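Breakdown of the fold
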Amino acid sequence: MSGTYILFESASGYGLFEVTEAEEIGSLLSEVQASVTELKRFSKFVKLKAFQPFTSAENALENILKVSENGVHEDLQTFLEGNLPKVKKAKKQKMFLGVMAPNLGLAIQEEVGFPCKSNELVLEMLRGIRFHFEKFVSKLDNGASTQAQLGLGHSYSRSKVKFNVKRQDNMIIQSICLLDQLDKDVNTCAMRVKEWYSWHFPELAKIVSDSFIFARLVKTIGARSTLTSDSLEKLQEITMDEPMAQQILDAAKASMGFEVSEIDMMNLSEFADRVVELAKFRKQLSEYLVEKMSIVAPNLGALIGETVAARLISHAGSLVNLAKCPASTIQILGAEKALFRALKTRGNTPKYGLIFHSSFIGRAKAKNKGRISRYLANKCAIACRIDSFSETPNTMYGERLRDQVEERLNFYDTGETPKKNIDVMREVAKQIAATKKEPEEEETEAKVKKSKDGKKKKQKDGKKKKRKREEEGEEADGTEEKPKKKKKKKKK
């Protein structure tokens, strides 16, 4: 197995190792596996041929990012070309370069031209090299290799995360997941409050259908025996309905429920209080989601609603991933199980996924639901791409796209032809350009006004200075005495 080289990418630099034994792969594999942890035995098989350290932390990050994407950096290319044998010689003697990832091997083979392999033996060799790397390269001893790994790990993670303060689609994903979970929890807890309190006051559940109002009433009423005519105002505040409040008061007087102890009622009231707080937090979270969507994806939110838009982003993984999806994928996003089941059984494929929750599909007739879902998915693809790649997000595109969907629904009902998409997009582009020009024109006008005011001021100042000079000159002429002429003596 002579002529075999191993490429090892570390946090400190590139290492090129040469396999010195000339035995068959099968017999060598068992020996390598047995000697991986022992340096003396392992050094018989592998020798360090060359090592190229990275010049800086930025250089290390660039190289490792390129390697992780199965690409060949310029540094790696020059390192391999300088230390590997010539390609013609390598092909004749059946030499090859062992690498960790097969895709990286293909990239090196394209760039450098040297044959590459990634098999079980190469992986075992790399395991041993990683274990004894600090011994092969003496400069990396005394913890230098560990420090390099830690620093590169932090910088690599930062570059991959790419946290953007203005566009936090991660916050939207977490918020919509929590919102869905809260819906389930609030419903479960509200049903438990109804069931629990109905043993004491069963008529209340028939009068009040809303779970949130029911929980607030449980907290306010407590034991039904405490309700009097003075409690009517409090009941009206909660129910926002005078006849309902009076009905609750009348039902409390003739209720068939059994009496409960103070401890039981205290626990029930505390539980109802928790349900009310949970419902309030759910409302607060919903408002936060709407506000966040107006920053991250305003056009998509304006088109199909903030909740449905947030679910699409969450299912895709991020706004950028959703923007990369074609309209056909967005149409059935969330209905993957139904799609694969239909493909397996050769049945009808689903017409819509998460976008079914949009109001447009609900308003369409049964025969037009598939058509409007396809059209809506097309508009969603346009909206999320505008949101993802525009520098100054606004809702103008989303509002016009929503109007287009309304026109399409109207077209299915009445046959009135809607506007073309290209005309609508041009109109919006003109509006945005006009809105951008207005502040620029105002700025230019202000600058011109300032310059004119400055010129006028200078002219006034100049005139004032001239007047002062003239006045001072006149005063000087008046105060100064004329010099006396000397009389010339006549010569006798």
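Residues numbered from 1 in each chain as written. Predicted model: local features only at pLDDT ≥ 70, side-chain atom pairs only at ≥ 80, totals over all residues. Heavy atoms only, no water.

**Quick word on the overall build of the protein chain**
Counting its regular elements, the protein chain contains 23 helices and 5 strands. By the burial criterion, 38% of the 492 residues in the protein chain qualify as buried. Accessible area of the protein chain: about 31700 Å², with a carbon and sulfur share of 52%. (Helix = DSSP H or I, 4+ residues; strand = E, 2+ residues; numbered from the N terminus. Buried < 20%, exposed > 50% of the residue type's maximum accessible area, 1.4 Å probe, protein only. Areas by Shrake-Rupley, 256 points an atom, 1.4 Å probe, with all protein chains shown as cover.)

**Here we look at the packing of helix H14 (residues 262-296) against helix H16 (residues 306-316)**
In contact at an axis separation of 10 Å, H14 and H16 are set at 70 degrees when each is read in the N-to-C sense. By the angle between their directions, the pair H14 and H16 is classed as roughly perpendicular. Contacts between H14 and H16 involve Leu-289, Val-290 and Met-293 from the first element and Glu-306, Ala-309, Ala-310 and Ile-313 from the second. Tallied by class, residues from the contact of H14 with H16 come to 6 nonpolar, no polar and 1 charged. (Axes fitted to C-alpha atoms, helices over the stretch in contact; angles between N-to-C directions. Parallel < 35°, antiparallel > 145°, perpendicular 65-115°, else oblique. Contact = heavy atoms within 4.5 Å. Nonpolar A, V, L, I, M, F, W, Y, C, P; charged D, E, K, R; others polar.)

**Some details on the packing of aromatic side chains**
For the structure shown, the criterion picks out 13 aromatic pairs. An aromatic cluster of three or more residues is present, and its members are Phe-8, Phe-17, Phe-51, Phe-133 and Phe-136. If you follow Lys-117 out to its NZ or CZ, it ends over the ring of Phe-96, 4.6 Å from the centre. (Phe/Tyr/Trp six-rings, centres within 6.5 Å; stacked < 30°, edge-to-face > 60°. Lys NZ or Arg CZ within 6 Å of the ring centre and 35° of its normal.)

**Considerations on helix H11 (residues 211-221)**
Listed in full, the buried residues belonging to H11 are Phe-214, Ala-215, Leu-217, Val-218 and Ile-221. Down the axis of H11, the buried set is contained in an arc of 160 degrees. They therefore lie on one face. Of the residues one or two after H11, Gly-222 is the one with positive phi, at around 70 degrees. (Arc of directions from axis to C-beta.)

**Considerations on the sheet that holds strand E1 (residues 4-9)**
Across the sheet, 5 strands lie side by side as E3-E2-E1-E4-E5; this open sheet has mixed pairing. In this open sheet, the two edge strands, each paired with only one partner strand, are strand E3 (46-53) and strand E5 (116-117). Both E1 and strand E2 (residues 13-19) contribute to a ladder of 6 bridges, which runs antiparallel. Pairing of Tyr-5 across the sheet is with Glu-18, part of E2. (Pairing = 2+ DSSP bridges.)

**A short note on helix H6 (residues 102-111)**
Buried within H6 we find Leu-104, Gly-105, Ala-107 and Ile-108. Buried residues of H6, viewed axially, fall in a sector of 160 degrees; they line one side. Projecting away from the buried face of H6 at angles above 90 degrees are the exposed residues Pro-102 and Glu-110. Buried residues belonging to H6 abut E1, helix H3 (57-68), helix H4 (74-83), strand E4 (96-98) and E5.

**Focus on the confidence of the model for the protein chain**
This prediction gives the protein chain a mean pLDDT of 83; 85% of its residues lie at or above 70. Note that residues 22-27 has pLDDT below 50 and, in this model, 6 contacts with residues that lie over four places away or in other chains. (pLDDT = per-residue confidence, 0-100.)

**Some words on a positive patch on the surface**
The grouping of Lys-464, Lys-465, Lys-466, Arg-467, Lys-468 and Arg-469 at the surface amounts to a positive patch. The residue Lys-466 is located in helix H23 (residues 421-479) in this model. With relative accessibility at 54%, the residue Lys-466 sits in the exposed group. (Patch = residues over 30% accessible without salt bridge, like charges linked within 9 Å, V, L, I, M, F, W, Y side chains within 5 Å. Salt bridge = Lys/Arg side-chain N within 4 Å of Asp/Glu carboxyl O. Lys, Arg positive; Asp, Glu negative; His and termini not counted. Charge placed at Lys NZ, Arg CZ, Asp CG, Glu CD.)

**Examining the nonpolar core**
Judged by nonpolar contacts, the single largest core of 48 residues is most densely connected at Leu-300, Ile-304, Leu-322 and Leu-376. Of the residues forming this core, the biggest block, 9 residues, is contributed by helix H21 (residues 369-389). Ignoring any residue separated from it by four or fewer positions in sequence, one finds Ile-304 in contact with Ala-309, Leu-312, Ser-358, Leu-376 and Cys-380. (Core = buried A, V, L, I, M, F, W, Y, C linked by side-chain atoms within 4.5 Å.)

**Here we look at the pairing of E2**
In terms of burial, E2 is largely enclosed, as 6 of its 7 residues are buried. Between E1 and the antiparallel strand that follows it, E2, lie 3 residues. In terms of strand pairing, E2 meets E3 through 7 bridges, oriented antiparallel. Across the sheet, residue Leu-16 finds its bridge partner in E3, namely Ala-50.

**Concerning the packing of helix H9 (residues 169-198) against H16**
Their axes nearest at 9 Å, the elements H9 and H16 cross at an angle of 110 degrees. One way to sum up the angle between H9 and H16 is to call them roughly perpendicular. The handedness of the crossing between H9 and H16 is left-handed. On H16, the residues that touch Asp-169, Ile-172, Ile-173, Ile-176, Cys-177 and Asp-180 of H9 are Thr-307, Ala-310, Arg-311, Ile-313 and Ser-314. Residues of the contact of H9 with H16, tallied by class, amount to 6 nonpolar, 2 polar and 3 charged. (Left-handed = near helix turned anticlockwise from the far one by under 90°.)

**Considerations on the environment of Ala-215**
Within the element layout of this structure, Ala-215 appears in helix H11. Sequence separation between Ala-215 and Cys-189 is 26 residues, and the spatial gap between their C-alpha atoms is 9.6 Å. Among all residues touching Ala-215, those that are not within four sequence positions of it are Ala-272, Val-275 and Val-276.

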